[in-house]
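Observations on the three-dimensional arrangement
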Amino acid sequence: MDAAVAEPVLEARGLIKRFGGLTATDDVTLDVRAGELHALIGPNGAGKTTLIGQLTGELRPDAGQVIFRGEDITRLSTAARVKRGLVRSFQIVQLLDDDSALANVALAVQARLGHSFRFFRRASTDDALTGPARRILAEVGFDAARVELRTGDLSHGERKVLELAVALAAEPQLLLLDEPMAGLGPSESLRMTETLRALKGRIPILLIEHDMDAVFALADRISVLVYGRVIASGEPAAIRADPAVQEAYLAEEAG
Amino acid sequence: MADTSLPEAMADAARTRGWRDRAILLVMFAAAAALPLIADAAGFPATTGIATQIACLAIAAASLNLILGHGGMVSFGHAAYFGLGGYAVGILWEHFRLGEPIFGLIPGSNQLLVTLPAAMLVAGLAALVIGALSLRTSGISFIMITLAFAQMVFFLFVGLKQYGGDDGLVVRRRNLVPGLDLREPAQMYWLCLGLLALWLWVLHRIVRSRFGRVLEGIRQSERRMAAIGIATYRYKLVAFVISGVGCGLAGALMVNYLRFASPEMMSWQRSGELMLMVILGGLGTTLGPVLGAGALVGLEYTLGGITEHWQFILGPILVLIVLFARGGLMSLLGYGRGRG
């Protein structure tokens, strides 16, 4: 695939976000193109979380724009962005712990199907909701025998998979994955990598991740964020060889 | 999916449980309906009156439970809607008695089929306005702002000398309704019991509907709701209004029973009692608020018969229940959130 000529789906243009004297996002320009998996890496404290907040609408940038599929969405709410197809997953899973895995995904399906001002028909036995939900859970490899279990009782690995399933149920035009591998064991990490590989190409993905094996296995392009600035952006081989990147990571490992 | 045995077994168990629960429910309802006859036969006719009050308060508590137990919105001002519903009945009676329309426009009425919908409408409109403003906040601010609005309504009625001020407003005769004579204690009770059953059924349907799912989601993680594209404010507001309407209905019935409306109905203590009933009975359960209302009113009457300082005894009992039965009385009976 020729990523250089593909249309950008998501663009951050000159984003700046300050907290008091700290510039957490310092003139970040970045794009994700159709069909691409773009990974964003950076040491702790680089400003990844702040940047995601501005892309998803939980934070307002002090300057700059967020463009999604040609539309300026800088001032839109989170929910409005999701409706347009900009969907995220959370590093620390945000799930409805009292409900089953199936109910979690079914609710996301329901949200996509339009308004929920429907007061009388029972939702948990509505095939229009549970049908697609079961399909998505199967697609991400969630154990079909465990979909009725209470989400709070699931393992961490299952919850990370479920988090991804909920995001997929929103029918993303672009997926913003915030550390999907965080806290996973080696075999779970590998399985998640394979799941993401299957999604890649179908849905453009911006992947924020610390697991370098996964990043270099999956990414078409990598951008490196250090102290709120993008210090390098390019193909994996170029990033691996970049002296500035090596320095940033070596500095972190030394400190 | 080759292996569906586990979900099927679980579904079977749920169905068995469902039939057992339905049978229990039917027996309970029959017992509740027979209560006036039993009370008269046993020589405790006053019991019917107490049960009527419990039914009214249960309607209010169940309404509060919709937003508190299911939506996670801690409103500390729901007595306001209870009182407004009650005053709707009282004020309509007063103008009916005097024969002069309200503001020269709306004629008074002593017809239950007019006063009940009017009470629900008034309470619903108040909940719409107060909810629209309060729901812009959350957490402690939300608790405080709902309390503040309820206090405003309270003092408004204390100041309304035309309708009795803090002395309250006497409704000399209960409303008329075709086919029933509400002067008969048993018939007044059956009306309240019937409307309680109907309202619980409506709330039960709402809780399990798509709307109810969104409400549950808001309680558990509002951030998640936004992340699947749901703008939560409108859903919270609609739930808030439904809950206000239910409290208005409850207040209208209560004023019919007591034949008296007073600002005390909307005091912050009353708001606290409604919250207590929901928590005591079991947050997020259908029958919990009914048990909570029954337990609280029952304890007040029995302890009140023993000593005038009954609140000294009631307090520790409530603390013990909240400490040792998280999930309230419903959890003691083996029904958790979302079951029963």
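The structure under discussion appears in the preceding block.
Let us look at the structure shown here.

Thresholds, definitions, all that
Residues numbered from 1 in each chain as written. Chains lettered and ligands numbered in written order. Predicted model: local features only at pLDDT ≥ 70, side-chain atom pairs only at ≥ 80, totals over all residues. Heavy atoms only, no water. Contact = heavy atoms within 4.5 Å. Buried area = accessible area lost by both parts, 1.4 Å probe. Salt bridge = Lys/Arg side-chain N within 4 Å of Asp/Glu carboxyl O. Polar contact = N/O pair within 3.5 Å; in protein donor to acceptor, adjacent residues only side chain to side chain. Helix = DSSP H or I, 4+ residues; strand = E, 2+ residues; numbered from the N terminus. Nonpolar A, V, L, I, M, F, W, Y, C, P; charged D, E, K, R; others polar. Phe/Tyr/Trp six-rings, centres within 6.5 Å; stacked < 30°, edge-to-face > 60°. Buried < 20%, exposed > 50% of the residue type's maximum accessible area, 1.4 Å probe, protein only.

Taken together, the contact pairs 38 residues of chain A with 32 residues of chain B. Together, F117, F119 and F120 of chain A form the three largest contributors to the area buried by chain A at its contact with chain B, with a combined 19%. Where chain A meets chain B, there are 5 salt bridges. Of the charged contacts in the structure, one is a salt bridge between R219 of chain B and D98 of chain A, with a shortest N-O distance of 3.0 Å. For the pair chain A and chain B, the number of links is 20 residue pairs in polar contact (both at pLDDT 80 or more). At the level of secondary structure, the elements contributing two or more residues to the side of chain A that touches chain B comprise α2 (78-83), β6 (86-89), α3 (101-112), α4 (127-139) and α5 (156-169) of chain A. Ranked by the residues each element gives to the side of chain A that touches chain B, the list is headed by α3 of chain A, at 5 residues. When grouped by side-chain class, the residues that make up the side of chain A that touches chain B number 19 nonpolar, 6 polar and 13 charged.

For the rest of this paragraph, the subject is the packing of aromatic side chains. Residue and element names in this part refer to chain B. Under the counting rule described, the total for this entry stands at 11 aromatic pairs over all chains. Plain terms: the ring middles of Y81 and F240 are 6.0 Å apart, the flat faces sit at 85° to each other, and that makes the pair edge-to-face. Of the two residues, Y81 is situated in helix α3 (residues 79-98) and F240 in helix α9 (residues 232-258); the sequence distance between them amounts to 159 residues. Relative accessible area serves as the criterion here: at 2%, Y81 is assigned to the buried category. Relative to F240, the ring of F142 lies with its centre 6.2 Å away and its plane at 80°, an arrangement referred to as edge-to-face. Here the residue F142 occupies a position in helix α5 (residues 139-159), and F240 occupies one in helix α9, the gap between them amounting to 98 residues.

With that settled, the discussion passes to the pattern of salt bridges. Pairs can form between side chains of opposite charge once their charged atoms are near each other. Throughout the structure, instances matching the rule amount to 29 salt bridges over all chains. Ionic pairing is found between R88 of chain A and E58 of chain A, a salt bridge with its closest N-O pair at 3.7 Å. Separated by 30 residues along the polypeptide, R88 of chain A in strand β6 and E58 of chain A in the loop between α1 (48-56) and β4 (63-68) bring together distant segments of the chain. Taking the relative accessible area as the measure of exposure, E58 of chain A reaches 34% and is therefore partly exposed. Across the pair D220 of chain A and K200 of chain A runs a salt bridge whose closest N-O atoms are separated by 3.3 Å. Here K200 of chain A lies in the loop between α6 (186-199) and β8 (205-208) and D220 of chain A lies in the loop between α7 (212-218) and β9 (221-226), a separation of 20 residues in the sequence. The class of K200 of chain A is partly exposed, set by a relative accessible area of 26%. Among the ionic contacts, a cluster of salt bridges with common partners joins D98, R150 and D153 of chain A together with E216 and R219 of chain B.

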